[in-house]
Amino acid sequence: MSSNSFIARIGKALRGETPQVLPPVPAAPAIPPVQVDYEDSRIPASAKDRIRRIQACLHEVEAALAREDMPGFSRIDIDQMRDQHLPKLVKSYIDIPEAHRSEIFRKTGKSASFILNDSLEQMQAKIDTILRNLAQKDIDAFTNNIKFVDERYADQNPFD
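Residues numbered from 1 in each chain as written. Predicted model: local features only at pLDDT ≥ 70, side-chain atom pairs only at ≥ 80, totals over all residues. Heavy atoms only, no water.

Draft legend 1. Structural context of the overall build of the chain. Secondary structure assignment for the chain yields 5 helices and 0 strands. Counting all 160 residues of the chain, 24% fall into the buried class. Taking the contacts inside the chain whose residues are at least 6 apart along the sequence as the reference set, 68% of them involve residues at least 24 apart. For the chain, the computed accessible surface area is about 11,800 Å², with 58% contributed by carbon and sulfur atoms. (Helix = DSSP H or I, 4+ residues; strand = E, 2+ residues; numbered from the N terminus. Buried < 20%, exposed > 50% of the residue type's maximum accessible area, 1.4 Å probe, protein only. Contact = heavy atoms within 4.5 Å. Areas by Shrake-Rupley, 256 points an atom, 1.4 Å probe, with all protein chains shown as cover.)

Draft legend 2. Inspection of helix α2 (residues 45-67) at higher detail. Taking 1.5 Å per residue as the helical rise, α2 with its 23 residues ought to reach 33 Å, and the 34 Å between its terminal C-alpha atoms agrees with that figure. Residues Ala47, Lys48, Ile51, Ile54, Cys57, Leu58, Val61, Ala64 and Leu65 constitute the buried set of α2. (Expected span 1.5 Å × (residues − 1).)

Draft legend 3. Fine view of the pattern of salt bridges. On inspection of all chains with the given rule, the structure shows 10 salt bridges. Notably, a salt bridge pairs Arg52 with Glu39, separated by 2.8 Å at the nearest N-O pair. Of this pair, Arg52 sits in helix α2 while Glu39 sits in the loop between α1 (6-14) and α2, and the two are 13 residues apart along the sequence. With relative accessibility at 38%, the residue Arg52 sits in the partly exposed group. (Salt bridge = Lys/Arg side-chain N within 4 Å of Asp/Glu carboxyl O.)

Draft legend 4. Representation of the side chain of Asp40 in the model. Structurally, Asp40 is set in the loop between α1 and α2. With relative accessibility at 14%, the residue Asp40 sits in the buried group. Other than its neighbours up to four places away in sequence, Asp40 contacts Lys48 and Ile94.

Draft legend 5. Fine view of helix α5 (residues 112-153). For α5, which comprises 42 residues, the first-to-last C-alpha distance of 61 Å matches the rise-based estimate of 62 Å (1.5 Å per residue) to within 8%. Listing the buried residues of α5 in full gives Ala112, Leu116, Asn117, Leu120, Met123, Gln124, Ile127, Ile130, Leu131 and Leu134.

Draft legend 6. Quick look at the packing of aromatic side chains. In total, this model carries 0 aromatic pairs according to the counting rule given. The ring of Tyr93 carries the charged tip of Arg101 above its face, separated from the ring centre by 4.3 Å. One residue, Arg152, lies across the ring of Tyr153, its end atom 5.9 Å from the ring centre. (Phe/Tyr/Trp six-rings, centres within 6.5 Å; stacked < 30°, edge-to-face > 60°. Lys NZ or Arg CZ within 6 Å of the ring centre and 35° of its normal.)

Draft legend 7. Examining the packing of α2 against α5 more closely. Relative orientation of the contacting elements α2 and α5 amounts to 25°, with a least axis distance of 10 Å. Classified by the interaxial angle, the pair formed by α2 and α5 is roughly parallel. Between α2 and α5 the crossing geometry is left-handed. (Axes fitted to C-alpha atoms, helices over the stretch in contact; angles between N-to-C directions. Parallel < 35°, antiparallel > 145°, perpendicular 65-115°, else oblique. Left-handed = near helix turned anticlockwise from the far one by under 90°.)

Draft legend 8. Structural context of the side chain of Arg101. Note on placement: Arg101 falls in the loop between α3 (72-95) and α4 (102-108). With near-sequence residues (within four places) excluded, Arg101 lies in contact with Arg42, Tyr93, Ile94, Ile96 and Ala112.

Function-wise, these values are silent; they only describe arrangement.
Structure representation (structure tokens):
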């Protein structure tokens, strides 16, 4: 029987032996944000506009999350989108030599800039969904407060 088996640990506890304390598991190292110049001349103007909108909406979501008690997955999604996914997407576009971007069209039937814009629109749709969900929480709270005030302070209470 292994000295670390469940039964062995129970036996040690019953005999008053102190259990072996394992060191805590170290946290995973933080992934540094990807650095990219969103104003790089190789980025199409239409993509720059989308990137600016995404960044503005990310700030709006961050402000809303700072005052809300939302599940951590939304905050993690936003952090990853801001620090990893958006810059990696844009950097991967920039890194394609312009002379070879036509290969993307030959493989997919769509230009690299079209695919970049489409991917940016998908990110924006995710952010819009998060913003809608945050707004719905505020709307629900307001509606609940209105109902409470109506029930509590309406002059229709015959027992006053």
